[in-house]
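Topology and contacts: notes
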Amino acid sequence: MRIAIVLLAFALAPDEEVRRLQRDAILIDTHNDAPMRTRAGFDIGKTAAFGDTDLVRLRAGGLGAQFFSAYVPASMVAANQSAHRALEMIDTIRHDIVARHPNRFVLALTAADIVEAHRAGKIAALIGIEGGHAIEDSLRLLRDYYALGVRYMTLTHSNTNGWADSSGDIRKAGVKHHGGLTEFGRSVVREMNRLGMLVDVSHVADDTFWDVMETSSAPVIASHSSCRALTPELRNMTDDMIRAMAKKGGVIHINFACSFLTRQPAVNEARKALQKKTAARLRSKSSEEHEVTLMVKTELERGKGVPVPATIGDVLAHIDHVVKIAGVDAVGLGSDFDGIDCAPAGLEDVSKYPNLIRALLETATRCAYCGPRRRSPENRVRSYFENSLARTVANRAATLRSSRAAIEA
Ligand SMILES: [Zn+2]
């Protein structure tokens, strides 16, 4: 049997093996910021001149399911526009991405919808809110967002809100912190559990994370974070956090941002200077700072001799680290494409996923610590693709249980 598998592997061109895996398993990415662009008028069906995501490249990348981020900038709080922006972002995912391209995308609300979309040859589009300030301290808004299709929410973005501390300002003097979650924050987590909306701990402060662990009855995800043991960034998760999350069935989805994957300050400094210079030149082309950042990223990728501080090997190292400390079922992929200013060489945009998958297949073959009863390379990579799908199912089951308990109480 094993010989047959080896022969089969040789008989297939490398790309074909990757494609077969992408047909058999569903590649799920839990964080993509393309909706920031579609809200501003970009048609995802047209080939983008800059940025990381469009329909052609999503298909080239073999994405089975994509969580699109309904990102609400922290600046919306002072402008009293948080809910307004959240609703606009949800609309652009539903209207500009899914409804405009009904033959390519389907809005997925359940794990079964994801499986069905894959079977139909379409990309499952899911909605995740980024920034808990979107609910404006109201469980009613949280329930409205769920009704509109939101299936995860990062409790904070880079700003501490009225009920949860953020890693983004935890060291900033003058910001009123709560020491984690407030009592209302805990009720947000419980309501998310009851609804079946995944609690996302990417961006939260460490104290918030531990309060979530104590409060949540369902598995928790980090939709786009990497490992702090490898890159000491507060946005990344410590080994204790990853283990605690895994123990409760949770998954960390590795973020592809160079600064979260590698600590090469010298190269990063050089790149930063180049980014600044290029941005100054391109700023006249768009009034949206986010678009300028993406234009700079694309231009630097196309230029010659630009140092890229991270490689696909760095992504593998982060995945491998999670597998080593918490197991194969604890890791997934959350690229953060269209939200990052630098991606690893060879993994520049959504179309490059096959390069990562090829590398994953090769390293999965050489897993030294996986034991004699380790899974086949294909099955390990399938886990990385689908762990979040399994958690969506588990989350639903937990929800049904807690709903029943609520009814019986
Ligand atoms: Zn983010």
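Moving on, we come to the overall build of the chain. The helix and strand tally for the chain stands at 17 helices and 9 strands. In the chain, 74% of the contacts between residues at least 6 apart in sequence involve partners at least 24 apart.

Once that is clear, we can look at helix H10 (residues 206-215). Of all the positions in H10, only Thr208, Phe209, Asp211 and Val212 are classed as buried. Along the axis of H10, the buried positions cluster into a sector of 165°, meaning they face one direction only. On its buried side, H10 packs onto helix H9 (183-195), strand E6 (198-200) and helix H11 (239-247).

Once that is clear, we can look at the environment of Leu274. The topology assignment puts Leu274 in helix H13 (residues 265-282). A C-alpha to C-alpha distance of 9.8 Å links Leu274 and Pro307, two positions 33 residues apart in sequence.

On to H9. Given a rise of 1.5 Å per residue, 13 residues ought to cover 18 Å, and the 19 Å separating the end C-alpha atoms of H9 matches this to within 8%. Among all positions in H9, only Gly185, Val188, Val189, Met192, Asn193 and Leu195 are buried. Residue Gly196 follows H9 closely and has a positive phi angle near 95°.

Closest axis-to-axis distance for the H9/H10 pair is 10 Å, and the angle between their directions is 50°. As the angle between them shows, H9 and H10 are arranged oblique. Seen from above, H9 lies across H10 with right-handed handedness. Side by side, H9 and H10 meet where Arg186, Val189 and Arg190 of the first sit next to Asp211, Val212 and Thr215 of the second. Residue composition of the contact of H9 with H10, grouped by class: 2 nonpolar, 1 polar and 3 charged.

Regular strands show a simple pattern: their side chains alternate between the two faces of the sheet. By the criterion of burial, strand E2 (residues 65-71) is predominantly enclosed, with 7 of the 7 residues buried. Bridge count for strand E1 (residues 28-32) against E2 is 3 bridges, and the pairing is parallel. Paired with Asp29 across the bridge in E2 is Gln66. In terms of strand pairing, E2 meets strand E4 (residues 123-130) through 7 bridges, oriented parallel.

Once that is clear, we can look at the confidence of the model for the chain. Per-residue confidence for the chain gives a mean pLDDT of 88, with 88% of residues at or over 70. The low-confidence segment residues 5-10 (pLDDT under 50) makes 1 contact with residues lying over four places distant or belonging to another chain.

Before going further, it helps to spend a moment on the packing of H11 against helix H15 (residues 312-326). Put simply, H11 and H15 touch, their axes get as near as 10 Å, and they point 65° apart. Where H11 crosses over H15, the handedness of that crossing is right-handed. Where H11 abuts H15, its residues Asp239, Ile242, Arg243 and Ala246 lie against Val322, Ile325 and Ala326. The residue inventory of the contact of H11 with H15, partitioned by class, reads 5 nonpolar, no polar and 2 charged.

Further remarks concern unusual backbone geometry. Not every positive phi belongs to a glycine, and His203 is a case in point at roughly 85°. Its location among the elements puts His203 in the loop between E6 and H10. Phi is positive for Asp336, close to 70°, though the residue is something other than glycine.

Soluble globular proteins: nonpolar side chains tend toward being buried together. Ranked by size, the top nonpolar core spans 109 residues in total, and within it Ala125 and Ile252 carry the most contacts. Lining this core are residues from two domains, each supplying at least three of them: domain 1 (27-263 + 314-364 + 377-408) and domain 2 (265-308). Here Ala125 is in contact with Gln66, Phe68, Ile93, Ile97, Val98, Phe105, Val106, Leu107 and Ala108, once residues within four sequence places are set aside.

Our next topic: the environment of Lys176. Looking at the element boundaries, Lys176 is found in the loop between strand E5 (150-154) and H9. In this structure the C-alpha to C-alpha distance between Lys176 and Gly162, which are 14 residues apart in sequence, comes to 9.0 Å.

Glancing now at the pairing of E5. A large share of E5 lies buried, amounting to 5 of its 5 residues. Across 4 bridges, the pairing between E4 and E5 is parallel. The residue of E5 that forms the bridge with Glu130 is Thr154. For the crossover from E4 across helix H8 (residues 139-147) to E5, the handedness is right-handed. Bridge count for E5 against E6 is 3 bridges, and the pairing is parallel. The residue bridging Met153 from the neighbouring strand is Val199, located in E6. Where the polypeptide runs from E5 across H9 and back to E6, its parallel neighbour, the crossover connection is right-handed.

Cut-offs and rules
Residues numbered from 1 in each chain as written. Predicted model: local features only at pLDDT ≥ 70, side-chain atom pairs only at ≥ 80, totals over all residues. Helix = DSSP H or I, 4+ residues; strand = E, 2+ residues; numbered from the N terminus. Contact = placed C-beta atoms within 7 Å. Buried ≥ 20, exposed ≤ 12 C-beta atoms within 10 Å, placed from the backbone. Arc of directions from axis to C-beta. Expected span 1.5 Å × (residues − 1). Axes fitted to C-alpha atoms, helices over the stretch in contact; angles between N-to-C directions. Parallel < 35°, antiparallel > 145°, perpendicular 65-115°, else oblique. Left-handed = near helix turned anticlockwise from the far one by under 90°. Nonpolar A, V, L, I, M, F, W, Y, C, P; charged D, E, K, R; others polar. Pairing = 2+ DSSP bridges. pLDDT = per-residue confidence, 0-100. Core = buried A, V, L, I, M, F, W, Y, C linked by C-beta atoms within 7 Å. Domains from an automatic or database assignment. Right-handed = clockwise from strand over helix to strand, strands pointing away.

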